[in-house]
Amino acid sequence: MELSAAEEYAIRIIAAESTLQHAARDEAPAARLSSSPASAPDGKAGSPAPVAGGTDASRPTLAPGGTATPETNHPAPIPLPVSPIPDGLWPAVRAELEAQSVIGYPANAVESLGLSPADQAEYLARAGKNLSSWYRLMMAQDSVLAEFRQAGIPVAVLKGAAAAANYPQPNSRSMGDIDLIVPPDHFEQAFSLMERLGWENDIELEINPRHAGFKKAGCPEIELHRYFSTCTNKQQAHFLDQAVYDAIPRAEWTDVAGFSVPVLPPLENGLVLLAHVNQHLGSGLGLRQILDWQMFVDAHLTDELWERSFQHAAQQIGMEKLAVTTTWLCRIYLGLQTSATWFSESDAQLASDLLLYIMQRGNMGRKMERGAQATRTVLHNLRSPAALVRYLYEGGRAHWAPARKHAWLAPAACLYQVGHVIRKGLSRNASMSELVTDARSAQEDIDLLKRLEVTRM
């Protein structure tokens, strides 16, 4: 499969925004953005930007992959600036930005596209809604963090505002919920504090031992983590979680667009963002998680930090190849500006395949039909007996209350989940050809994830 015109334009717009923000941050002259066409990785001139109303022959073509050489460690990103969008394509591009949860990020680049007044107004309204949600979340988080500080509970923010801290414009980062983590010996105290503050626990630890979920009227959901890692390898999971625990007391209260946020030190914060990419690979990885990683690399991941500590840590959690490949993807396709060279030996074809994988799904799998997504989830978990048993056990406990109360019902919980999957499959009314297509696609996904050497599929 290939990227659609809308997907390609969405990528170009993001790359343009990344370059604009980087130039503005460094106070570079605007002329740099409109100089000669960018070079492709092989040193040749990049494809010319498409023109408004273009035919299929003038559809945007992403920079081709290639193997880095010492002279071309930093191939330039997609040609800039982005040309006006062909007639009728903008609604699909806007929908793509929304599906990837990055609608607010490329506001400056979108302004230069020459949209009609109506399209521009609609985009600003949607981006404005995203901005409003950002401030609503940050104010709720600010209130809760103040209570944690007063109670003397060490705490750090994971993802979310901790990722936004690396953005040149933090409030352009789309927000969902609030993720907090405290040291294990402070978890019960933090849990009780949330309840005293009027937050209602809606995700029981018996269902999801990783975190407790809290809701409150008019506020975004808060996840209070007992641990963060979702690695299936216990040693890798322990390494990441222990690194995060040890770093919580060293979290730095950082100003993020006027809000004070406890952010883990760069090494640990970067590991969390990398693990977040890994976590969503099997279900719904979107450009939002990729941009979080890109902003971290731009802000912190120099060759010195990589060689001193980050490479070793990434190896310990089984994500070194994912870090290298994702960074190459960001450099080639999304406008990452960096002088670092630690990722220059990446497999360019693998990065290209990863981009296609991301664009086909959208953030949290929003572009996937629900029935097909469920089928792929089951097929992914058939990859090993251990993964299958864990999937059936956890799913059975989530869907059958008695299994959460009585540990001896674990075998029955697995059987209950088998029945649940069968019922969902029958309700989908999928044809045999659809199931075969899903199975083939799921196997392709698994093959890609194996090439990335990820620890959660």
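Structural data are supplied above this passage.
These figures come from a predicted structure and were not determined experimentally.

Colleague: Sorry, what's going on with the packing of aromatic side chains here?
Modeller: To describe a pair of aromatic rings, one takes the distance between the centres and the angle between the planes. One pass over the structure, following the stated rule, counts 13 aromatic pairs. Seen from their ring centres, Trp134 and Tyr135 are 4.9 Å apart, and the 75 degrees between their planes marks the pair as edge-to-face. With a centroid separation of 5.8 Å and 40 degrees between ring planes, the pair formed by Phe296 and Phe310 is classed as tilted. Taken as a pair, Phe296 in helix α9 (residues 287-299) and Phe310 in helix α10 (residues 303-316) lie far apart in primary sequence, 14 residues in all. In terms of burial, Phe296 and Phe310 fall into one category: buried. Here a set of aromatic residues connected by ring pairs shows up, and it is made of Trp293, Phe296, Trp306, Phe310, Trp342 and Phe343. Over the aromatic face of Phe187 sits the side chain of Arg226, whose NZ or CZ is 5.8 Å from the ring centroid. A cation over an aromatic ring shows up here: Arg361 above the ring of Tyr357, its NZ or CZ 3.8 Å from the ring centre.

Colleague: I tried to follow unusual backbone geometry on my own but got confused; where do I start?
Modeller: Glycine aside, residues mostly have negative phi angles, and peptide bonds mostly take the trans form. The backbone of Lys159 shows a phi angle near 55 degrees, a positive value even though the residue is not glycine. Here Lys159 shows up in the loop between β1 (156-158) and α5 (160-164). Judged by relative accessible area, which is 9%, Lys159 ranks as buried. With a phi close to 60 degrees, Glu453 is a non-glycine residue in the positive phi region.

What counts as what
- Residues numbered from 1 in each chain as written.
- Predicted model: local features only at pLDDT ≥ 70, side-chain atom pairs only at ≥ 80, totals over all residues.
- Heavy atoms only, no water.
- Phe/Tyr/Trp six-rings, centres within 6.5 Å; stacked < 30°, edge-to-face > 60°.
- Helix = DSSP H or I, 4+ residues; strand = E, 2+ residues; numbered from the N terminus.
- Buried < 20%, exposed > 50% of the residue type's maximum accessible area, 1.4 Å probe, protein only.
- Lys NZ or Arg CZ within 6 Å of the ring centre and 35° of its normal.

Worth remembering: the numbers are spatial, not functional.
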